[in-house]
Structure formats: structure tokens, C-alpha cells
Amino acid sequence: MGFLDEDYLLESASARRLYDEIRDLPILDPHSHVDVAALARNEGWTDIWEVEGATDHYVWELMRKRGVPERKITGDAPNREKWDAFAAVFPEFAGNPTYEWVHLDLKRRFGIEKPISAETADEIWTETKAALESPEMRQRRLLHEMDVEVVSSTDDPTSDLEHHRTLADEFDGVTVRPTWRPDAAMGAGAPDWPAYVDRLGDATDTDVADLDGFLAALRTSHEYFDANGCGASDHGLSEAVTKPVDRDRAADVYERAYAGEPLTDADVTDFKAFVLERIGELNRETDWVTQLHIGPVRDYRDSLYEELGTDAGGDVSTGDLDLADNLRYFLNRFDEELEVVLYVVDPTHYPTVATVARAFPNVSVGAAWWFNDSPHGIGSQLEYVGTVDLLANYGGMVSDSRKLLSFGSRFEMFRRTLANTVGGMVERGQVPGHVAEDLVRRVAYERPAELWDF
């Protein structure tokens, strides 16, 4: 088997046959960080660093690990200097999925098959820079080329969705769906939370002086998103604590938080639980999917956060969460009334989410997320979910990407791993071939289309 050849990740004849069944299916992406403004303007890129390194904290972390100075990662070094630094250490990324994604991007989108290294850096820079000048490399054309049918963005409730409306009017063949991400609204106790609440009030033309006004503003935003094609909310939760919280208790916390008074940990937890339940009620009314991304410990590396802020590559995972207890109230509150997709960043939580999904027909296990988004992580998760819950009810792949060119690469990696995993079942005599073909098509396309109402 050669590097990224036709048999990449496919270890049997059955795997190759199953991959042929799904390789050309359109891409349905329920969760990404696509730059909707850039897509609406149909922007391109100036150079390969902009394409592969400028927005990707996965790349930044690995460059730091290999001793590249921050100036050549997120600092003021010219892009060519950053690319050279990236290429010089890139062979040392081998074994990490980033090594495969970036090479897949080059192979599929630029036709470049040479491995990235210090020796090839100049040649690849020149070839890609020339290619990026072509109209063929504009963002909308690339989504068509990758056969992306639906891509979902991540959007704050204060967004006016102007760029989504532009794309709905102008961009034929690809649906760009907003996703309602109210994390900031739930962040009572954060220093900038009162200012955020004021922005939410301004965006919805609502008086947010009290809890009733705040909830009214959330409802107005929710209705606006729904009218503009949204079909899901998304919640990033370091710990998903759900429980019944009295409205008077929530109102008291809101009043103190809005006044800028300090809150206790119990105050913060109670407020988040109260608001999440109200959001569940809104989602039930509109038949939206509720996505819970659970477990990351944000901004764990202090020096990085102090220098660069959030989303800079300083987050970690933890297994120290009681998911079964913490999710119990919310899942029972909306039992068979609300589609819920659970993503966990620590793989030790798969047994809990898989058994929870088995117990609740309206709960699905989400894609192998973040640190688990690799052939090893995807394959391990699919095997476990398939033996405990049902692969036929799997939540489907998500790109979770900030790099548009990687949408195709990440879905290709997933589909090859899916075909290899199910192909192994066929080879071991666990599943007949025709059943396996139906299963991989369902996981790769039919189930996401059904779950997310694509």
C-alpha cells in the first residue's frame, strides 16, 4: 500500500468494495466553523499558508511541539517564512491525522503528490500560489468540486445572518445553514457577560434588564434563526450539568450577574442548567436538533491564553465528568420529544454516551470529535458504538473545520475508516455483504439527512 494511494486505510477487499459504495456520495456537514462572510464574498487565498495554517490551531499546536517560534506560527512573520517553518517540521507530524489531512488537501485539490518537507517547500509554495490565482480555487467553486450538499456554520444569537441570506440568494446547489450557538448567552459570571447581554438586547430590540427580557431576547433570536433556515442549536459545555432550577433562583442570579456582581460556582451552574432547559423547550417547538459538545477544558495553558486569547491551541480534555448523572434530568425532560446529539472529547466517555443513546431513541452519538478525529479514533468509536448502540442511528460525520479545503479530506478519511471498519465485519463473517453496503450508505449519507432534516 502506497502513501495515500487508492487503498489508503482500506485493509481488505470488502473494505474497498464498501468504500466504492460511498466515496462519491454528497457531503452533509452538520457542524463546521466555515467563514460565512468569506464564502459570501467568494474569496480565495493568496498562498498555501493561508489555506493550511493561518486558521488551524491543530497545525499551531504541532508546530509548537517541534520548537517553531510563535512569531512563525501566529506572529508577524511573513506567510512565506511561516510556510517554510511549517514544511521543515512537517515530516515530524507523521502519525498525526494532520499529516494526512494536509497531504490529502494537496493531492485532491492541487494535484500535488510530493510529501511536504524542507526540500519540497519552495516547489509546493510556487505551484500552489499559481493554482490559487485561478477562479477554480474560489471558495464556492471548491464546495461544488468537493460535492458539498449542505454545510452548517456556527453562529452567535446576535448574528444578523446577512451572509447566509446572500448565499441563499446567490449560491445554487449548496445549502449553507446557520447553527444557533448560545454559549456566550449562558456565560453568566464572565466579566464581559453583561456587555454581551446588552448586545443581545440590541440585536433583538428587547429590554434585557431582567430575566424575562433576557429569555424573550433568546426567543426572538431563535425565531429569527429558524426563519433563516436554522435547524439546530450547538452548545460547548466543559461540564453538562442539567437539573431543575426554580425561576426565582434563576432570576436572582441573572439580576446579580447583570449588575456585575460576583457569582458562586453554584450560581453559574444553576443559571446554565435553567437556560439550557429553556433552550430545549424552544428547540422542541421548532423541531431543532440539540447538539451538546461536552468535556473540553478551555484555555488550559495560561501563558498561551494570556498571549493569544481563546482558540489558540491551549485546550485539553478530561475524563473527570459524571455524564450519566449530569445529563439525566435533561434527557428525561425531553424523552422522545427532542433529537439530541452527544459529542464527547474524551474517549473514556464513549461507554456512557453509547449506553445513554441505547436507552433513549431520540439520543444519537455524535462523530469522533477533536482529539479523536483520526483513523484510529474514528475506527475505535465506530466499533464501540456499533456493538453497544446501533451504527444505523449514528449521528454522522462532521468536519468541525475552520479550513474549507479540509472538508473533503476529513470526510474522505471518515468514509474510508467507516468502510474499513464495516469491511472488517464482513471479512470476519459478522455481516453479509449486502447488509454492509446498506449500512455504510446509511451512516455516510442517509442517516445524517434524516436526523438533521437535510
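This text goes with the structure placed above it.
First, a word on what this report is: a plain description of the structure on this page. Note that this is a predicted model, so its numbers are computed, not measured.

Each value, and the rule that gives it
- Position labels on residues start from 1 in each chain and follow its written sequence.
- Confidence filtering applies because this is a predicted model: local features only for residues at pLDDT of at least 70, side-chain atom pairs given and counted only at 80 or more, and all residues used for totals across whole chains, interfaces and linings.
- Side-chain numbers here rest on the full set of heavy atoms in the structure, without hydrogens or water.
- Only protein chains enter the calculation, and the probe is 1.4 Å; a residue is then buried if its accessible area is under 20% of its type maximum, exposed if over 50%, and partly exposed in between.
- In DSSP terms, a helix is any run of H or I states spanning at least four residues, a strand is any run of E spanning at least two, and both are numbered starting from the N terminus.
- Think of it this way: DSSP has to see at least two bridges between two strands before they count as a pair.
- Here the term right-handed applies to a crossover when the path leading from its first strand over the helix to its second strand runs clockwise, the strands being oriented away from the viewer.
- Only heavy atoms enter the contact rule, under which two residues are in contact if any of them lie within 4.5 Å.
- Throughout this description, a polar contact denotes any pair of N or O atoms lying within 3.5 Å of each other; where both atoms belong to protein, one of them has to be capable of donating a hydrogen while the other can accept it, and for residues adjacent in sequence the pair is counted only when both atoms sit in side chains.
- Planes of paired rings set the category: under 30 degrees apart is stacked, over 60 is edge-to-face and the rest tilted, where pairs are Phe, Tyr or Trp rings (Trp by its six-membered ring) whose centres lie within 6.5 Å.
- Here, over-ring charges are defined by two tests on the NZ atom of lysine or the CZ atom of arginine: distance to the ring centre within 6 Å, and angle to the ring normal within 35 degrees.
- Axis lines are fitted through C-alpha atoms, for helices just across the contact stretch, and the angle between N-to-C directions can take any value from 0 to 180 degrees.
- Nonpolar side chains (Val, Leu, Ile, Met, Phe, Trp, Tyr) are joined into patches within 5 Å and like charges within 9 Å, using only residues with over 30% relative accessible area and no salt bridge.
- Areas reported here follow the Shrake-Rupley algorithm with a probe of radius 1.4 Å; residue values treat only the protein chains shown as occluding.
- For this analysis, a salt bridge means a side-chain nitrogen from Lys or Arg found within 4 Å of a carboxyl oxygen belonging to Asp or Glu.
- Charged residues are defined narrowly, with Lys and Arg counted positive, Asp and Glu counted negative, and His plus the chain ends left uncounted.
- The location of each charge is read from NZ of Lys, CZ of Arg, CG of Asp or CD of Glu.

Attention now moves to the pairing of strand β8 (residues 340-344). Most of β8 sits out of view: five of its five residues are buried. The two faces of β8 match: Val340, Leu342 and Val344 on one face and Val341 and Tyr343 on the other face are all buried. Bridge count for strand β5 (residues 289-294) against β8 is five bridges, and the pairing is parallel. Its bridge partner being in β8, Ile294 is matched across the sheet by Val344. Regarding the hand of the β-α-β motif, the stretch spanning β8, helix α16 (residues 350-359) and strand β9 (residues 363-365) is right-handed.

Here we come to the environment of Arg284. Relative to the helices and strands, Arg284 is located in helix α13 (residues 265-286). Of the residues examined, Arg284 reaches a relative accessible area of 33% and is grouped as partly exposed. As a C-alpha pair, Arg284 and Glu339 span 55 residues in sequence and 8.5 Å in three-dimensional space. Once residues within four sequence positions are removed from consideration, Arg284 is found in contact with Arg333, Phe334, Glu337 and Leu338.

Along the chain, Asn362 falls in the loop between α16 and β9. Separated by 3.2 Å, the side chain of Asn362 and the backbone oxygen of Phe334 make a polar contact. Every residue in contact with Asn362, bar those within four places of it in the chain, is listed here: Phe334, Asp335, Glu336, Glu337, Leu338, Glu339 and Val340.

The next subject is the packing of aromatic side chains. Here the structure, examined in full by the defined rule, presents 20 aromatic pairs. Taking the centre distance of 5.7 Å and the plane angle of 80° together, the rings of Trp193 and Phe271 count as edge-to-face. With Trp193 in helix α10 (residues 193-204) and Phe271 in helix α13, this pair connects stretches of sequence that are 78 residues apart. As far as burial versus exposure is concerned, Trp193 and Phe271 are alike and both buried. Considering the side-chain rings of Tyr254 and Tyr258, the 5.8 Å spacing of their centres and the 15° angle between planes classify their relative orientation as stacked. Taken as a pair, Tyr254 and Tyr258 lie in helix α12 (residues 247-258) at a separation of four residues, close to a single helical turn. Taking relative accessible area as the criterion, Tyr258 reaches 25% and is therefore assigned partly exposed. The positively charged end of Arg140 is found above the aromatic ring belonging to Phe171, 5.6 Å away from the centroid. For Arg410, the ring lying beneath its charged end belongs to Tyr58, and the centroid distance is 5.2 Å.

Turning to the sheet that holds strand β2 (residues 148-152), a few remarks are in order. Within a sheet, adjacent strands bond to each other through the backbone by hydrogen bonds, running parallel or antiparallel. On the basis of which strands lie adjacent, the open sheet formed by three strands has the order β1-β2-β3 and parallel pairing. Whereas interior strands pair on both sides, the edge strands pair on one side only; in this sheet they are β1 (27-29) and β3 (175-177). Here the average twist between neighbouring strands, direction ignored, is 10°. By the bridge criterion, three bridges tie β2 to β3 in an arrangement that is parallel. Within the sheet, the bridge partner assigned to Val151 lies in β3 and is Val176. Relative to β1, helix α18 (residues 406-427) is tilted by about 105°, and along the sheet it contacts β1 and β2.

Turning to a negative patch on the surface, a few remarks are in order. The grouping of Asp207, Asp210, Glu255 and Glu261 at the surface amounts to a negative patch. Mapped onto the secondary structure, Glu255 falls in helix α12. Of the residues examined, Glu255 reaches a relative accessible area of 57% and is grouped as exposed.

This next bit is on the sheet that holds strand β4 (residues 232-237). What the four strands build is an open sheet, ordered β4-β5-β8-β9; its pairing is parallel. With partners counted over all chains shown, the strands left at the sheet margins are β4 and β9, one partner each. Neighbour-to-neighbour, the strand axes of this sheet turn through a mean angle of 20°, independent of strand direction. With three bridges joining them, β8 and β9 adopt parallel strand pairing. Considered in β9, the bridge of Val341 is made with Ser364. Contacts from α16 reach β8 and β9, with the element oriented near 145° to β9.

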